[in-house]
Amino acid sequence: MIDPADEAAPPTATGTPSTAAGDDHVAPRHAAAPDRRDKRRSTGASFLRETVIILVSALVLSLIVKTFLVQAFFIPSGSMNDTLIENDRILVSKLTPGPFDLHRGDVVVFKDPNHWLGDEAEDTPTGPVGTVVRDALTFIGLYPEDAGEHLVKRLIGLPGDHVASEGAGKPVTVNGVAIDEPYLAPGAQPSEFAFDIVVPPDSIWVMGDNRQHSADSRWHQGEPGGGSVPIGNVVGVAFVIVWPAAHWDILRNPGDTFADVPPAS
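Just so you know, the residues in each chain are numbered from 1, in the order the chain's sequence is written. Selection of residues for local features in this predicted model requires a pLDDT of at least 70, selection of side-chain atom pairs for listing and counting requires 80 or more, and totals for whole chains, interfaces and linings are taken over all residues. Note that the side-chain values use all heavy atoms of the structure and ignore hydrogens as well as water.

Chemist: Any chance you could explain the nonpolar core here in plain terms?
Modeler: A general feature of soluble globular proteins is that nonpolar side chains tend to end up buried together. Formed by 16 residues in total, the largest nonpolar core has its most connected members in Ile156, Val163, Val172, Ile179, Phe195, Trp205 and Phe258. What counts as a helix is a DSSP run of H or I of at least four residues, what counts as a strand is a run of E of at least two, and both are numbered from the N terminus. At the level of elements, strand 6 (172–174), strand 8 (195–198) and strand 9 (203–207) are the ones that each hand at least two residues to this core. Only heavy atoms matter for contacts: two residues are in contact if any of them lie within 4.5 Å across the pair. When residues no more than four places from it in sequence are discounted, the contact partners of valine 172 are Ile156, Val163, Ala164, Ser165, Val177, Ala178, Ile179, Glu181, Pro190, Phe195, Met207 and Arg211. In this description, a nonpolar core means a group of buried Ala, Val, Leu, Ile, Met, Phe, Trp, Tyr and Cys residues linked to one another through side-chain atoms lying within 4.5 Å. Note on exposure labels: buried denotes an accessible area under 20% of the residue type's maximum, exposed denotes more than 50%, and partly exposed covers the range between, all computed with a 1.4 Å probe on protein chains only.

Chemist: I keep staring at the sheet that holds strand 7 (residues 177–178) and nothing clicks. Help me out?
Modeler: Strand pairing in a sheet relies on backbone hydrogen bonds, with the paired strands running either antiparallel or parallel. Pairing between strands is defined by DSSP: at least two bridges between the two strands are required. If you trace the four strands from one edge of the open sheet to the other, you get 7-6-5-8, paired in antiparallel fashion. Two strands close off the open sheet at either side, each with one partner strand: strand 7 and strand 8.

Chemist: Teacher, can you tell me more about the side chain of asparagine 210 here?
Modeler: Within the fold, asparagine 210 resides in the loop between strand 9 and strand 10 (229–230). In this structure asparagine 210 touches Gly78, Ser79, Met80, Asn81 and Ala185, once residues within four positions along its chain are discounted.

Chemist: What am I meant to see in the pattern of salt bridges here?
Modeler: Opposite charge on two side chains permits pairing when their charged atoms draw close. What counts as a salt bridge is simple: a side-chain nitrogen of Lys or Arg found within 4 Å of a carboxyl oxygen of Asp or Glu. All told, the structure shown has five salt bridges when counted by the stated rule. Note that aspartate 161 and arginine 104 form a salt bridge whose closest N and O atoms lie 2.8 Å from each other. Pair noted here: aspartate 161 is in the loop between strand 4 (150–157) and strand 5 (162–165) and arginine 104 is in the loop between strand 2 (89–93) and strand 3 (107–111), with a separation of 57 residues, a long-range link. In this pair, the class of aspartate 161 matches that of arginine 104, namely buried. A salt bridge links aspartate 216 to arginine 218; the nearest nitrogen and oxygen atoms lie 2.8 Å apart. A relative accessible area of 0% means that aspartate 216 is categorised as buried. Connected through salt bridges with shared partners, the residues Glu192, Asp216 and Arg218 form a single ionic network.

Chemist: So what exactly am I meant to see when it comes to the confidence of the model for the chain here?
Modeler: Note: predicted coordinates in regions of low pLDDT should not be interpreted at a detailed level. Confidence of the predictor at the level of single residues is given by pLDDT, which spans 0 to 100. Per-residue confidence for the chain averages 80 on the pLDDT scale, and 68% of its residues sit at or above 70. Segment residues 120–125 is flagged for pLDDT under 50; beyond a separation of four residues in sequence, or across chains, it makes four contacts in the model. The low-confidence segment residues 139–144, where pLDDT is below 50, has 19 contacts with residues more than four positions distant or belonging to other chains.

Chemist: How should I be thinking about the pairing of strand 8 in this particular structure?
Modeler: For a regular strand, the rule is simple: side chains alternate between the two faces of the sheet. Residues Phe195 and Ile197 line the buried face of strand 8, whereas the alternating positions Asp196 and Val198 sit on a face that is not buried. By the bridge criterion, four bridges tie strand 5 to strand 8 in an arrangement that is antiparallel. When the sheet's bridge partners are listed, valine 163 is paired in strand 8 with isoleucine 197.

And the structure:
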């Protein structure tokens, strides 16, 4: 016969045998919970790491977009009124020229080919810190490029085109065809003085929509290139006004204006 005192105690609800009264052995306790401060520290480090990854990825993506696809610019002068007004922000497709061809009537942004801007290229003072911040944001594409080194005009003539005007309000002709220019600023003449030029190879002829207030190709005929702009200087084609909201608009090519113009001979 088994002495009841020697019989193993029945397991408890947790499956651990209970101890007899007076037993010196104590049931093992659960391990202590991790310090809440450690949890918070780990969560904070993870959040910071994810935030840095997201920010760096966004900056790299912005730089890639600005370098290869789209770049923002703002308009500093009235040479393209009323198509573009001072301080308008525009987006420029950098796929043209490139995968896509330039067309007569495009609004193009190009690097100053021969110091056309003169002293107008001077930046407004912003202080050393402001200049560094602005330049950094501009580099990665989060701040619109100013026109300190760039101009915005309308493409009138392609390589080999014969572009001319008799002046005194007479229309501009391209390859012998007079063009009707609906984009001109109200009251603007097609050209207030005569000119006659054949656009050199790999170059374009550009004019502002606000003709009497635009120092465009006509005003640089005595310089290298005869006033034409090398295609290599073209940054891209403006396709939308994004700011201010009241000026939001898509910049469409006025195809009908040049529809009857024959190819360059």
